[in-house]
Amino acid sequence: MKTIIAACSQNLSGSRASLHAALRTLLAVPWPSQRDVRAWLQLLAVLQWVLSFLLLGPVTLVLLVYLVFTRFWPISALYLAWVIFDWDTPEKGGRRLPCLRRWSVWRHFRDYFPVKLVKTHDLSPGHNYIIGSHPHGILCVGAFCNFITGSTGFSELFPGIRPFLTTLAGNFRLPLFREYLMSGGLCPVTRRAIGHLLSKNGTGNAVAIVIGGAAESLSCSPGVTTLILKNRKGFVRMALQHGAFLVPSFSFGENELFRQVVFEEGSWMRAVQQRFQKMMGFAPCVFYGRGLTSVRSRGFLPYARPITTVVGEPVTVPKIEEPSSEVVDLYHGMYVRSLLKLFNDNKTKYGLSEGDELRIV
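Residues numbered from 1 in each chain as written. Predicted model: local features only at pLDDT ≥ 70, side-chain atom pairs only at ≥ 80, totals over all residues. Heavy atoms only, no water.

(A) How the structure looks around a nonpolar patch on the surface. A grouping of Leu51, Leu54, Leu55, Val59 and Phe300 is seen on the molecular surface, where their side chains present a nonpolar patch of about 410 Å² in accessible area. Within the fold, Leu51 resides in helix 2 (residues 34–68). (Patch = residues over 30% accessible without salt bridge, like charges linked within 9 Å, V, L, I, M, F, W, Y side chains within 5 Å. Areas by Shrake-Rupley, 256 points an atom, 1.4 Å probe, with all protein chains shown as cover. Salt bridge = Lys/Arg side-chain N within 4 Å of Asp/Glu carboxyl O. Helix = DSSP H or I, 4+ residues; strand = E, 2+ residues; numbered from the N terminus.)

Written out as structure tokens, the structure reads:
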């Protein structure tokens, strides 16, 4: 009996010693610092955004088509009925959810780059505005973060102003993705949608349009500041028709987020890109960024580069229901000069040299 008790005591002592050793080993392992935790939260915030924009629509579409051939087909049928019933909502101001703008994940998204919004002049809530957003870049990170999320303090800098951001109308045909876009305040870049916001939604509306569009993304690369703007005059005509003031904005650092394979004008690959862009509304860019595990690996996540969006001085625009081409050209020229002044006044503050010029084609 004494032998059994002694053996048990030895085993118990050994177990305690092993437990203490394991605890000492565990405590010796360095725990992630707050800085490491913040870095991972920022990376995950950017990852969910990139995956949402690139995969949410196509994956949901494939899933709903698959469900049609299963016993869960009523799910697809009900959603199709909902889309038909709700078809015109994107053209009528959408269905934004203020809580989504305040989502805490956007603060981590902002801090990853980081993104900053700079105000140079006040915007009166008694007017409506069309904000020209430049440049397009690959994924319009600056425009999204500043005009869709509340993380950079747009509402505090411009009290009484409701920002909206326009995107391709085809995005609102993708299931579930359309709900995601509308909840944030995005609307189609169509005359009907923009006209509704400028004429039937009261005052204090600021509709941001990425003027260069998909065509501009084909020329996006680090160190290049080329804008497609010379013949883009539809936004000026709409501003005149609704009496909306024109506001230039420029996101310094937007073109530094990805590396792109830029094909020369006249090459067959460039021709394929341009034809695809005309047919589908967006350009198939060949680009890469950093990987998920390391900044030295390649992947589809943007590089962490500072983005500073500077909002310039409004160009006062009268209301002319049927503006002539000469009047459109006049105000287009005023807008371009205001944008050039904004760029030249701020370029050395946010990463560019005095010799860098803004090229408009």
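Now that the structure is up, let's keep going.
(B) Representation of the sheet that holds strand 9 (residues 287–290) in the model. Reading across from one edge, 8-9-10 is the order of the three strands in this open sheet, with antiparallel pairing throughout. Bordering the open sheet on either side are strand 8 (259–260) and strand 10 (298–299), each of which pairs with just one other strand. Relative to strand 9, strand 8 runs antiparallel, the two sharing two bridges. Counterpart to Gln260 in the pairing with strand 9 is Phe287. (Pairing = 2+ DSSP bridges.)

(C) Summary view of empty space enclosed by the protein. Tallying each qualifying case throughout the model produces one cavity of 30 Å³ or more. In this structure, the largest cavity is lined by Leu100, Arg101, Trp106, Phe144, Ile148, Tyr180, Gly184 and Leu186. Split by residue class, the lining of the largest cavity holds six nonpolar, one polar and one charged. (1 Å grid on protein atoms, 1.4 Å probe; cavity = no way out; pocket = protein on both sides within 12 Å on 5 of 7 lines; lining within 4 Å. Points joined across faces, edges and corners; volume = space filled by probe spheres on them. Nonpolar A, V, L, I, M, F, W, Y, C, P; charged D, E, K, R; others polar.)

(D) Broad picture of the pattern of salt bridges. With the rule as written, the count across this model stands at nine salt bridges. A salt bridge links Arg95 to Glu179; its shortest N-O distance comes to 2.9 Å. Placement of Arg95 in the loop between helix 3 (73–85) and helix 4 (98–101) and of Glu179 in helix 8 (residues 177–184) is noted, with a sequence separation of 84 residues between them. The exposure class assigned to Arg95 is partly exposed, which follows from its relative accessible area of 32%. Note on Glu179: relative accessible area 17%, which makes it buried. (Buried < 20%, exposed > 50% of the residue type's maximum accessible area, 1.4 Å probe, protein only.)

(E) Expanded view of the packing of aromatic side chains. For the structure shown, the criterion picks out 23 aromatic pairs. Between Phe252 and Tyr350 the ring centres are 5.8 Å apart and the planes differ by 40°, which places this aromatic pair in the tilted class. Of this pair, Phe252 sits in strand 7 (residues 245–252) while Tyr350 sits in the loop between helix 13 (325–346) and strand 12 (359–360); the two residues are 98 residues apart in sequence, bridging distant segments of the chain. The exposure class assigned to Phe252 is buried, which follows from its relative accessible area of 2%. Connected via pairs of aromatic rings, a cluster forms that spans Trp49, Phe53, Trp103, Trp106, Phe109, Tyr112, Phe113, Phe144, Phe177 and Tyr180. The lysine or arginine in question, Arg96, covers the ring of Phe164, its NZ or CZ lying 4.4 Å from the ring centre. (Phe/Tyr/Trp six-rings, centres within 6.5 Å; stacked < 30°, edge-to-face > 60°. Lys NZ or Arg CZ within 6 Å of the ring centre and 35° of its normal.)

(F) Just the sheet that holds strand 2 (residues 129–134), in detail. Within the open sheet, the seven strands sit side by side as 1-11-7-2-5-3-4. Their pairing is mixed. A strand with exactly one partner marks an edge of an open sheet, and here the two such strands are strand 1 (115–119) and strand 4 (186–188). Neighbour-to-neighbour, the strand axes of the sheet open up by a mean angle of 25°, direction not taken into account. Two elements, strand 1 and strand 11 (residues 307–311), share five bridges in a ladder whose sense is parallel. Opposite Lys119, over in strand 11, you have Val311 as the bridge partner. (Axes fitted to C-alpha atoms, helices over the stretch in contact; angles between N-to-C directions.)

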